[in-house]
Amino acid sequence: PEHREFAIETFTAFDVVHRFELDVGKTIYEKSPNATAALARLKEARDYIKETISAAFRKLKEAGKTLTTGRIKHVVKDALQETFEVFEGYIK
């Protein structure tokens, strides 16, 4: 069960990272002063997303809740929304 939960958490984090990069990755490159800055900003967002997902999964586990499709969808939605808010300055 622990390996399964870890695999789901990892997959979820990568999914959110890819969605974020697809939605605003090009804009981050265009708004950055150079390619190095753009890559650093994307890495910062990736790391943030991974930590956000990990914290959400820990919270579910600590609350004794099982992983369901609905809960995972909620984690994904919340993580994306929070990431857009935190990194809004990179895309405006």
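Figured I'd write up the structure that's included with this text. Bear in mind that the values here come from a model prediction, so they are computed numbers and not experimental data.

Before going further, it helps to spend a moment on the environment of Ile49. Considering the arrangement of structural elements, one finds Ile49 in helix H2 (residues 35–62). Taking the C-alpha atoms as reference points, Ile49 and His3, separated by 46 residues in sequence, lie 20 Å from one another. Aside from chain neighbours lying at most four places away, what touches Ile49 is Ala13, Val16, Val17, Phe20 and Thr83.

With that settled, the discussion passes to the pattern of salt bridges. By the definition in use, this model includes 4 salt bridges. One salt bridge in this structure joins Glu88 and Lys92, with 3.0 Å as the shortest N-O distance. For Lys92, a relative accessible area of 67% gives the class exposed.

With that out of the way, let us pick up the packing of aromatic side chains. The tally for this structure, following the rule as stated, stands at 4 aromatic pairs. Seen in terms of ring centroids, Phe20 and Phe87 are 6.4 Å apart; in terms of plane orientation they differ by 65°. Their pairing is edge-to-face. One end of the pair, Phe20, is in helix H1 (residues 2–31); the other, Phe87, is in the loop between helix H3 (69–86) and helix H4 (88–91), with 67 residues separating them in the sequence. An angle of 40° between the planes, with centres 5.6 Å apart, marks the rings of Phe87 and Tyr90 as tilted. Taken together, the aromatic side chains of Phe20, Tyr48, Phe84, Phe87 and Tyr90 make up a single cluster linked through ring pairs.

Criteria and cut-off values
- Residues numbered from 1 in each chain as written.
- Predicted model: local features only at pLDDT ≥ 70, side-chain atom pairs only at ≥ 80, totals over all residues.
- Heavy atoms only, no water.
- Helix = DSSP H or I, 4+ residues; strand = E, 2+ residues; numbered from the N terminus.
- Contact = heavy atoms within 4.5 Å.
- Salt bridge = Lys/Arg side-chain N within 4 Å of Asp/Glu carboxyl O.
- Buried < 20%, exposed > 50% of the residue type's maximum accessible area, 1.4 Å probe, protein only.
- Phe/Tyr/Trp six-rings, centres within 6.5 Å; stacked < 30°, edge-to-face > 60°.

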